[in-house]
Structure formats: structure tokens, C-alpha cells
Amino acid sequence: MTEFLLKISHLHAFYGDLQVLWEINVEVYPHEVVAIIGSNGAGKTTLLRSIAGLHRQRHGSIQFQKEEIIHLPPHRLIYLGLAEVPDERGIFPDLSVEKNLLAGAFSLKSAKAVESALVWIYKMFPILQERKYFLARSLSGGEQQMLALGKGMMTKPKLLILDEPSSGLAPVMVARLMEYIKRIHEEGTTVLLVEQNIYHALRIAHRVYVMENGRMVLEGSSEELFRNERVKKAYLGR
Amino acid sequence: MKRSEFVILIFSLCLIIVTPIFFRNEYFLHLLILGALFAQLANYWNLLDGYMGLINFGYAAYLGIGAYTSALLSIHLSFPLPVCMLLGGLSAGIIGVLLTIPCLRMVTFSTAIVTLAFAEIARIVATSWTGLTKGEMGLWGIPSMFSGQSKIPFFYLAFSLLFAGAVVLRWIIRSRLGIAILAVREDEVAAITSGVEANQVKLLISGISCFVAGITGAFYAHYIMTITPGLFSIGYTIQIMTMSLFGGKGTFAGPIVGAFLLILLGEGFRFMEDFRLLIYGLLIIGVVMAFPTGLVGAIDRVRRILWLGGKRE
Amino acid sequence: MFLQQLVNGLIIGTMYSVVGVGFTLIFGIMRILNFAYGEFYMLASYGAFLAYSELNLPLWVVLPSMMMVLFGIGALTEKSLLKPVRQRTLDWSVPIIMVTLGLQIVLQNLALIIGGGTFRGVTTYLKGSLDLGWVVVSYERLLILGVSVILLIVTYLLIQRTKFGLSMLAVSQSRDGALLSGINLQRVYTLSFGLSAALVAVPGVMLMPLLYVYPTVGQVPIMKAFAVTLLGGMGNVEGAILGGILLGISETMASAYVSPLMKDGVAFAFMILILIFYPAGIGPYLQQMHQKVVHR
């Protein structure tokens with residue numbers, strides 16, 4: 001059994017007096033793609049925000065590479081190799097594409113590293129290079145998602161966490177996006193993504209967790225879940 | 001109305017009725033009257049800002065408008081006082097609504113500064129238009145509401161107004177209008193699509209809030225009998241805001257508690273004349289740092305802790 | 001005469017821009033109004049008076065040292081007074097504004113108690129003037145102009161070209177995005193609060209001959225700060241720069257052609273007029289134009 005990259009144990013989260021997450025246990029191993037699926041309001045975004053430390057009313061354990069990170073301030077995570085793209089994309093609307101990417105590289109120490117990261121991202125996402133000087137707010141939905149991905153990858157993180165990357169995108173764009181995520185994975189990054197688009201999530205992921213009303217209700221490989229009757233009925237409409 | 005609230009209400013009513021009988025000290029009564037006036041202002045500023053979400057950094061201007069209108073009407077046209085006061089309130093209310101119209105299109109903090117600017121302009125006008133307002137020196141010789149020297153009738157009237165105002169406020173908050181207010185504040189677009197006339201609600205609340213400020217200003221004019229353009233200054237607005245926020249923005253009892261507390265504390269330090277404001281400022285810093293959500297909110301939390309296992313309200 | 005007023009207005013306007021930039025910066029980054037901003041100006045003015053008049057230090061020493069002192073005061077204020085409030089509640093904008101209010105009262109009254117109510121001042125840092133025919137500009141005013149322009153350029157470059165500037169922009173546009181990029185929010189808050197105080201220290205020092213020093217002098221810059229921030233658009237630095245100049249010119253014109261007493265009133269009225277046509281301030285429109293020019 002290889003060592004886990006990310007391990008969430010007994011995580012409970014609250015909004016004031018209201019509990020929203022119960023006993024969440026998730027493991028992510030290196031070089032995997034893990035998906036968390038569930039309908040609206042299942043608590044997926046709260047879970048991701050809790051992992052990133054953006055939502056702090058929680059207790060339990062979150063370990064990244066054997067290190068307990070639940071007490072760390074959010075800005076430390078990227079230095080450890082954990083990058084997250086939140087559901088509002090986390091891009092800066094009034095900054096140019098290039099400046100957005102540079103911001104993504106904020107934690108890199110040397111100018112050379114930043115430079116080479118920029119080159120690498122532009123190669124992977126040529127559209128971003130084309131729109132280098134455009135303000136982020138003037139990009140289309142799909143382009144903004146590319147920017148969000150590119151920005152998240154500037155530091156070549158060990159783990160990339162994505163919150164509903166397909167939201168608001170046309171089906172053609174979603175397919176392209178999934179291709180990009182696959183490429184990112186092939187280049188060595190482990191991916192954890194939360195998705196409402198169950199079909200694509202199952203296709204791209206190795207393992208899948210299913211959340212309902214703030215709890216984990218099912219877990220398994222994506223093939224298993226594809227065949228699972230409950231999942232098929234509830235989410236795939238067959 | 002909950003049992004506990006009812007008890008507190010009866011208790012405070014008795015306390016208010018009984019106070020002038022036992023406490024003859026005119027100065028103390030004066031402080032309480034000021035407390036009642038400011039409590040009303042804090043409450044209705046809270047309606048505008050805390051509940052409706054319409055920031056207003058120039059609320060004192062409506063105080064001034066009500067005061068000057070009523071005073072001038074009573075001096076020059078000799079209208080009966082209740083009429084003057086009502087007209088004072090109405091003029092403040094109407095101007096409030098008119099000023100809110102351009103603010104509807106603006107970003108919230110732009111509204112903050114526009115309202116501030118308006119108060120400043122009003123102050124400058126009051127200072128410069130010496131023919132009407134006697135300028136910097138102020139208007140004096142304003143007819144008093146009650147004959148005789150005693151503050152007691154003022155006391156009862158002030159608290160009656162406060163009580164009436166509080167009842168109306170509570171009624172508004174609990175009515176469908178209250179729900180509309182919160183809906184607009186939380187998510188205007190959603191409210192509009194649900195059929196709420198957001199702009200009308202905002203204008204209505206502005207009107208009501210400014211009207212009350214105007215009436216309170218008028219009361220002040222016929223109580224103190226002298227008014228100056230200083231009424232429009234940001235100092236009063238800040239005081240009102242502080243009282244509301246001190247006690248707890250968005251709560252019901254908060255502004256009232258804040259008002260009385262700050263008035264009494266402010267005056268309590270009178271003996272250290274020079275250091276009074278300094279300590280006032282330090283106190284604000286201290287209390288806000290310790291209880292950022294306001295005193296009433298903090299008391300609530302303490303109550304919750306003490307009543308562990310009791311019913312959640 | 002018209003040209004003379006225009007030039008004077010322009011010069012004072014650049015100082016207003018500096019005042020505005022410091023204030024709008026903090027609003028953009030922290031979403032608060034710093035009510036003690038005027039008092040930072042007052043402290044710088046008093047400091048400059050002491051250093052220049054009593055200690056006889058030259059201006060080129062006084063100005064940078066006051067900037068550094070105020071930077072320190074600003075950063076210290078943020079760390080000791082504002083940070084605790086931020087850590088106690090998620091909805092900290094309003095309580096922090098209140099703390100700055102309390103601080104304003106404290107500083108103003110401290111000045112009153114320690115300094116006394118008298119007006120202090122220096123007549124001028126630099127005597128003499130430049131005569132260009134239809135326009136006469138005092139060297140004092142030219143100095144003010146020079147300092148403001150340099151400061152505005154440096155600030156602009158700081159924001160647009162440095163890593164720290166990038167972090168400030170990032171925080172002002174998306175807190176989550178900034179945090180996830182590895183930006184230390186706390187440090188940005190503290191440093192920019194210090195920067196804001198350092199910026200307002202400059203007019204505090206330079207305008208001392210014109211406005212004098214007294215405990216309540218802080219009310220002037222805070223009003224200008226509000227006005228310029230409003231004109232420029234909340235959080236918009238370029239808007240504040242242009243807004244300051246507009247305010248300066250309109251004020252000087254109002255003072256000359258309407259009445260010195262109504263100067264402030266006219267400026268405010270002018271502001272409200274602009275807001276009717278540009279409710280979010282002129283800044284966003286500047287940004288649009290900027291994009292059209294830079295667009296490749």
C-alpha cells in the first residue's frame with residue numbers, strides 16, 4: 001500500500017450552530033484522479049473549502065503527505081504542493097491573463113522558475129498566450145476556466161484540487177476541459193475533483209466518492225460505480 | 001411576544017413611569033431624555049442601515065432638517081407646535097426619499113459618501129444662509145413645548161415617542177414589509193424576481209427613517225430651544241452610528257442599549273473634562289475589540305452558554 | 001487669471017490625489033474606511049513642524065523620516081488594533097471601521113491635550129516664485145507639485161510592477177484567490193495600511209505651510225479623501241489620481257469665481273453631479289479606455 005498524498009479523517013464542519021459535514025473520510029493516493037460526486041447542496045464545496053482552510057469551522061484531521069495541515073493558514077498550502085481552484089475559479093477579474101498567471105506563481109522563489117512556469121503553461125494552453133493582455137473578466141467562461149487551471153498549475157503542485165470545473169460550460173468545452181485535466185494528470189499531478197457532471201467525473205476518475213447531505217455514502221472505483229444500480233438511477237438517469 | 005420579552009417590557013415601562021417621581025435631579029432627567037432621543041435615532045438608523053442595508057453617513061442631516069423646519073415654522077408662522085413638528089418630520093422624510101433616488105443606482109459605499117456629502121452641504125447651507133438660519137450662531141428663542149421649567153413632561157413625551165417608535169419598528173420588522181426588507185438586503189435580484197418592488201421598499205424605508213429623525217430633531221429644537229448648524233455635522237451621525245453598532249447592529253434592543261450606555265458613559269466622564277473624549281474613544285476601541293458584534297450579541301452568547309441544555313429559541 | 005487658477009488647482013489637486021490614493025487603496029484591499037486617516041496626516045504635520053522648526057532639520061530629511069514614522073504607526077495600528085478584531089469575527093468590516101473611529105477620537109484628543117489648541121506653522125519651506133507671464137507659481141507650489149508627481153508615479157509603479165503590488169491587487173479582487181496563490185493576507189493588510197499612512201504623511205508635511213497644524217486639522221484631509229475616493233471609484237487608484245486633480249481644479253475655480261466660503265459646498269455638489277452620470281466613479285471608465293489602448 002503506497003503512502004497517501006491526502007488523508008481526511010473524521011472531518012466535521014459547521015456553519016455557526018448548523019452542522020453540514022459529518023464524519024468525512026477521504027484518501028487520495030499519488031498519481032490518481034479521485035472524484036467526489038453528489039447533487040447540489042451535498043456539501044461538496046464546503047468540503048473543499050474546509051480542506052483549503054478557507055472554511056475554518058471544522059474539526060477532524062486533514063493530512064497532506066503525513067503532515068497535519070488542518071491548523072495551517074490557507075496561504076501556506078501551496079508551499080507544501082497543494083493547489084486548489086475554488087468554485088468561483090479564484091481568478092482576478094481586473095488583472096490581465098498574464099498577471100493572473102504570475103499571481104499563481106507567487107509562491108515560487110526565483111524569477112527563472114516563474115519564467116519557465118509561464119512558458120510551460122502557455123505551451124499547454126495556447127489560448128492563454130493569445131489572450132495574454134486581456135483582462136480576465138473579458139474572457140469567455142471556457143477561457144476563464146483554462147486560466148483558472150493554468151494559474152493553479154503554475155507551481156506544478158503535487159495535488160490539484162478542483163471545485164466543479166465544468167460548471168457553466170457548454171458540453172463541448174467540458175469535454176475539452178476534461179482532456180486538459182487528463183493531460184495535467186499525465187504530467188505527474190494528482191487530481192482531486194468535485195463534479196456535478198457525473199458522466200465525465202466517472203470517465204476521468206480512478207476512484208469515486210459519493211456524497212449526500214453532508215455524508216459520504218458510497219466509495220469505489222469508477223467502474224464499480226458505473227455499474228452500481230443506485231448511482232445509475234440517481235445520477236445517470238437510467 | 002415571548003414571555004421573557006413581555007416581562008422586560010413591563011419592567012422597563014414601570015421603571016420609566018416611576019423614575020421622575022423618585023429622581024428629581026434635572027440633570028439626570030436631561031441625560032435620560034437625550035438617551036431616549038438618541039435611542040430612537042439609533043433604532044431608526046439601524047432600520048435603514050442594519051436591516052435595509054442602505055448605508056447613511058449623513059443621518060444627522062435629517063435631524064437638522066426637522067429641527068430647523070419646525071423651529072422656523074413656529075417662530076415665523078406661529079403654527080401650533082404639533083403641526084410644526086409634524087411638518088419638520090415630513091420635510092426630512094421627503095428630502096430623505098429624494099436623496100435616496102440617485103443612490104439607488106450607486107455602489108453601496110458611494111452611497112455612504114454621497115450621504116455624507118449631503119450632510120456637509122446642508123451644514124454649509126445652514127451656516128451661510130444667515131438670513132434664514134442666523135448662521136453659525138444658531139437659532140434661539142424657539143418656543144418650548146411645555147410651559148414651566150420642569151423637565152418631567154419632556155421626559156414622558158420623549159419616552160412615549162421612543163416607545164411608539166419601537167412598537168412601529170417592531171411591527172414593520174415582523175410584517176411582510178419586514179420580510180421584503182430582508183429579502184432585498186440579502187439578495188436583491190432574487191427578491192425582485194420574487195415580485196418584491198425593491199426600489200419602492202428602499203424608498204419607503206428611507207422615508208420612514210428620515211421622517212422619524214426629523215420628528216426627533218423637531219423635539220430637540222423645542223426642548224433645548226436653541227439649535228445650531230452643528231446639528232448637521234458628522235459628529236452626531238457618528239454618535240448615532242456608534243450607539244447602534246455598540247449595542248449590536250441588526251438586533252432590536254441593541255441600539256437602545258447602546259444609546260443609553262453611551263450617553264450615560266459620556267456624561268459620566270464629564271468631571272474629567274479634558275480627558276472625557278479621549279476616554280470615550282479608548283472605550284469605543286476597547287469595547288469593539290472585545291465585542292465586535294455588539295454588546296447585545298455578546299450578552300446573548302453569554303446567555304446561551306449559561307442556559308446550556310435549555311430550549312434553543 | 002483663469003490659467004492661474006487652473007494651475008493652482010492642478011497643483012493642489014495632485015496632493016489631493018495622493019490623499020485619495022492612500023485612502024482608496026485601503027478600501028480596495030481591506031474594504032474598510034479608515035476614519036483615523038486624517039489623524040495620520042495630523043501626526044505627520046506635527047512631526048514635520050517639530051522637526052523643521054524646533055530641530056531645524058532640512059526638508060529632505062523631514063519628509064522621508066515622517067513617511068517612515070507614519071508607515072510604522074500605520075503598520076503597528078493594523079497589527080495591534082485591527083488584527084484582533086479580524087480574528088474574532090468573520091464579518092469584521094464594520095467593527096474595524098468603528099475601531100478607526102475610536103482611534104480618530106483618541107488621537108485628536110491626545111493632540112488637543114498635549115499640543116494645545118493653538119495653530120502652529122511655518123510660513124514656507126521655500127521662498128520666492130516663478131513668473132511665467134500669465135502665470136505666477138511660487139517655488140513652494142512647484143515643490144509640492146514635484147513631490148506629488150514623483151510620489152504618484154512611484155506608487156503606480158509599485159502597484160503595477162512589483163510582486164508586492166501584485167499581491168495588493170490580488171487581495172483587492174479576490175481574497176480566496178489570493179490566499180490560494182500563497183499570498184499572506186495578514187502581511188498584505190499590515191503593509192498596505194502602513195503604506196497608506198506613509199502616503200498621507202506626504203501632504204501632512206508638504207501642506208503644513210498652507211494649512212498649518214492644529215489638533216483638528218485632520219478633518220480636512222479625510223473629507224478630501226472621501227471625495228476623491230468617491231469620484232475615482234472605491235478602490236480604484238487611477239480613478240483617485242484623476243479624481244484628485246478634478247477636485248483640486250473645481251475647488252480652486254469655485255473659490256475664485258463663486259465664493260471662498262462655498263468652496264467645500266461647490267466641490268461636494270460637483271461630486272454628486274459626477275456621480276449621477278458615473279455612479280461607480282470615473283475609475284471604471286478609465287479602465288475601459290486603458291483596455292482599448294493596451295488591447296492588442
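Residues numbered from 1 in each chain as written. Chains lettered and ligands numbered in written order. Predicted model: local features only at pLDDT ≥ 70, side-chain atom pairs only at ≥ 80, totals over all residues.

Engineer: Looking at this structure, I do not really get the overall build of chain A. What am I missing?
Structural biologist: Looking only at helices and strands, chain A has 10 helices and 10 strands in total. Summarising its shape, the C-alpha atoms of chain A cover approximately 45 × 40 × 40 Å along the three principal directions. Within chain A, the proportion of its 238 residues that are buried is 47%. Considering only contacts in chain A between residues 6 or more positions apart, those separated by 24 or more positions represent 66%. (Helix = DSSP H or I, 4+ residues; strand = E, 2+ residues; numbered from the N terminus. Buried ≥ 20, exposed ≤ 12 C-beta atoms within 10 Å, placed from the backbone. Contact = placed C-beta atoms within 7 Å.)

Engineer: Can you help me understand the overall build of chain B in this one?
Structural biologist: Of the regular secondary structure elements, chain B holds 14 helices and two strands. Every one of the 313 residues in chain B was classed for burial, and the buried ones make up 45%. Long-range pairs, those at least 24 residues apart, make up 77% of the contacts in chain B with a sequence separation of at least 6.

Engineer: Honestly, the sheet that holds strand β4 (residues 58-64) of chain A in this entry has me stumped. Any pointers?
Structural biologist: Strands belonging to one sheet form pairs held by backbone hydrogen bonds; the direction of such a pair is parallel or antiparallel. All names here are of chain A. Taken in spatial order, the four strands line up as β2-β1-β4-β5 in an open sheet, and their pairing is antiparallel. Either end of the sheet is taken by a strand with one partner, and the two such strands are β2 (18-28) and β5 (67-68). Bridge analysis of β4 against β5 gives two bridges, and the strand direction is antiparallel. Across the sheet, the residue bridging to Phe-64 is Glu-67, located in β5. Against the sheet, helix α1 (residues 44-52) makes contact with β1 (6-15), β2 and β4, and its axis sits at roughly 70 degrees relative to β2, the strand it touches most. (Pairing = 2+ DSSP bridges. Axes fitted to C-alpha atoms, helices over the stretch in contact; angles between N-to-C directions.)

Engineer: Even after reading the chapter, I still don't get the environment of A:Ile70, so can you show me in this structure?
Structural biologist: All names here are of chain A. Along the chain, the position of Ile-70 falls in the loop between β5 and α2 (77-80). Considering only alpha carbons, one finds Ile-70 and Ser-50, 20 residues apart in sequence, at a separation of 8.5 Å. Sequence-distant contacts of Ile-70, that is, excluding residues within four places in its chain, are made with Ser-61 and Ile-62.

Engineer: What am I meant to see in the interface of chain C and chain B here?
Structural biologist: Where interface size is quoted, it is often the accessible area lost as the parts come together. Contact residues are listed per partner, giving 34 residues for chain C and 30 residues for chain B. Mapped onto the side of chain C that touches chain B, the elements with two or more residues apiece are α3 (59-88), α4 (93-115), α10 (219-232) and α12 (263-277) of chain C. With 12 residues, the top contributor of residues to the side of chain C that touches chain B is α4(C). Within the side of chain C that touches chain B, the residues separate by chemical class into 27 nonpolar, five polar and two charged. (Nonpolar A, V, L, I, M, F, W, Y, C, P; charged D, E, K, R; others polar.)

Engineer: What am I meant to see in the interface of chain C and chain A here?
Structural biologist: Residue-level contacts link 18 residues of chain C with 23 residues of chain A. Elements represented by at least two residues in the side of chain C that touches chain A include exactly α6 (163-173), α7 (175-180) and α13 (283-294) of chain C. It is α6(C) that provides the largest number of residues to the side of chain C that touches chain A, a total of five residues. Across the side of chain C that touches chain A, the residue classes break down as eight nonpolar, eight polar and two charged.

Engineer: Sorry, what's going on with the packing of helix α5 (residues 139-161) of chain C against α6(C) here?
Structural biologist: Residues and elements named next belong to chain C. In the contact formed by α5 and α6, the axes pass within 5 Å of each other and the chain directions differ by 75 degrees. Here α5 is positioned roughly perpendicular relative to α6, judged by the angle of their axes. Here Leu-158, Ile-159, Gln-160 and Arg-161 of α5 lie close against α6, whose contacting residues are Gly-165, Met-168 and Leu-169. Taken together, the residues of the contact of α5 with α6 break down into four nonpolar, two polar and one charged. (Parallel < 35°, antiparallel > 145°, perpendicular 65-115°, else oblique.)

Engineer: Would you explain the pairing of β4(A) in this entry?
Structural biologist: Moving residue by residue along a regular strand, the side chains alternate between the two faces of the sheet. All names here are of chain A. Relative to β4, β1 runs antiparallel, the two being bridged by six bridges. By the bridge assignment for β4, Leu-6 is matched with Phe-64. Between β4 and β5, which pair antiparallel in sequence order, lie two residues; one of them, Gln-65, sits at a positive phi of approximately 50 degrees.

Engineer: Any chance you could explain the arrangement of the chains here in plain terms?
Structural biologist: Taking contact number as the criterion, the leading pair out of two pairs of chains in contact is chains B and C. If you take every C-alpha in chain A and every C-alpha in chain B, the smallest gap between them is 11 Å, and the two do not touch.

Engineer: What's the story with helix α3 (residues 60-77) of chain B in this structure? I'm lost.
Structural biologist: For an α-helix the count is 3.6 residues per turn, leaving residues at separations of three or four pointing the same way. All names here are of chain B. Between its terminal C-alpha atoms α3 stretches 25 Å, which fits the 26 Å expected from 18 residues at 1.5 Å a residue. Among the 18 residues of α3, 14 are classified as buried, and the element is accordingly described as predominantly covered. Positive backbone phi, at 50 degrees, marks Ser-78, one or two positions downstream of α3. (Expected span 1.5 Å × (residues − 1).)

Engineer: What is the right way to read the packing of α3(C) against α4(C) from this model?
Structural biologist: Residues and elements named next belong to chain C. Orientation of α3 relative to α4, taken along the N-to-C sense of each, is 140 degrees, at an axis distance of 9 Å. It follows from the interaxial angle that α3 and α4 lie oblique. You can see that α3 and α4 cross each other, and the crossing is right-handed. Residues Thr-77, Leu-81, Leu-82 and Val-85 of α3 lie in contact with α4, whose contacting residues are Pro-95, Ile-96, Val-99 and Leu-103. (Left-handed = near helix turned anticlockwise from the far one by under 90°.)

Engineer: Help me understand the sheet that holds strand β9 (residues 207-212) of chain A, please; the structure alone is not making it clear to me.
Structural biologist: Residues and elements named next belong to chain A. Taken in spatial order, the six strands line up as β6-β7-β8-β3-β9-β10 in an open sheet, and their pairing is mixed. The strands lining the two open edges of the sheet, one partner per strand, are β6 (82-85) and β10 (215-221). Shown here is a sheet whose adjacent strand axes are inclined to one another by a mean of 15 degrees, direction ignored. Along the sheet face, α1 touches β3 (33-37), β6, β7 (159-163), β8 (190-195) and β9 and points at about 145 degrees away from the line of β7.

Engineer: Teacher, can you tell me more about helix α10 (residues 198-224) of chain B here?
Structural biologist: End to end, α10(B) covers 39 Å across 27 residues, agreeing with the expected 39 Å (1.5 Å per residue, within 8%). In the segment just after α10(B), B:Met225 is the residue with positive phi, at about 70 degrees.

Engineer: Is there a simple way to think about the nonpolar core in this case?
Structural biologist: The nonpolar side chains of a soluble globular protein tend to be buried with one another. In this structure, B:Phe38, B:Ile240, C:Phe40, C:Leu70, C:Ala201, C:Val205 and C:Ala227 are the most contacted members of the largest nonpolar core, which totals 266 residues. Residue-level mapping places this core at the junction of two domains, with at least three residues from each of domain 1 (1-81 + 159-238) and domain 2 (90-156) of chain A. (Core = buried A, V, L, I, M, F, W, Y, C linked by C-beta atoms within 7 Å. Domains from an automatic or database assignment.)

Engineer: Help me out: how do you make sense of the confidence of the model for chain B in this one?
Structural biologist: It should be kept in mind that the predicted coordinates are not to be read in detail where pLDDT is low. Residue and element names in this part refer to chain B. Residue-level pLDDT values for chain B average 81, and 90% of them are 70 or greater. Put simply, helix α14 (residues 295-306) is where chain B has its lowest mean pLDDT, 64, and α10 is where it has its highest, 91. With a pTM of 0.85, the predicted complex shows an ipTM of 0.91. (pLDDT = per-residue confidence, 0-100.)

Engineer: Sorry if this is basic, but what is going on with unusual backbone geometry here?
Structural biologist: Peptide bonds are trans in most cases, and residues, glycine excluded, mostly fall at negative phi. All names here are of chain A. The backbone of Glu-23 shows a phi angle near 45 degrees, a positive value even though the residue is not glycine. Phi is positive for Lys-66, close to 70 degrees, though the residue is something other than glycine. Here Lys-66 shows up in the loop between β4 and β5. Lys-66 gets classed as exposed once you count the C-beta atoms within 10 Å, which come to 9.

Engineer: Help me understand the domain arrangement of chain A in this model?
Structural biologist: Residue and element names in this part refer to chain A. By the assigned domains, chain A splits into domain 1 (1-81 + 159-238) and domain 2 (90-156). Domain 1 and domain 2 are separated by 24 Å when their C-alpha centres are compared. Listed per partner, the contact involves 11 residues of domain 1 and nine residues of domain 2. Sorting elements by how many residues they give to the side of domain 1 that touches domain 2 places helix α7 (residues 171-186) first, with five residues.

Engineer: I'm lost on the environment of B:Leu48 in this one. Help?
Structural biologist: Residue and element names in this part refer to chain B. In this fold, Leu-48 is placed in helix α2 (residues 26-51). Classification of Leu-48 as buried rests on a count of 25 C-beta atoms within 10 Å. Residues Leu-48 and Lys-202, spaced 154 residues apart in sequence, show a C-alpha to C-alpha distance of 8.5 Å. Look past the residues within four positions of Leu-48 in its chain and what remains in contact with it is Leu-54, Asn-56, Ile-205, Ser-206 and Ser-209.

Engineer: When you look at the environment of C:Gly283 in this model, what are you seeing that I'm missing?
Structural biologist: When you line up the elements, C:Gly283 lands in helix α13. When the C-alpha positions of C:Gly283 and C:Phe40 are compared, they lie 26 Å apart, and in sequence the two are 243 residues distant.

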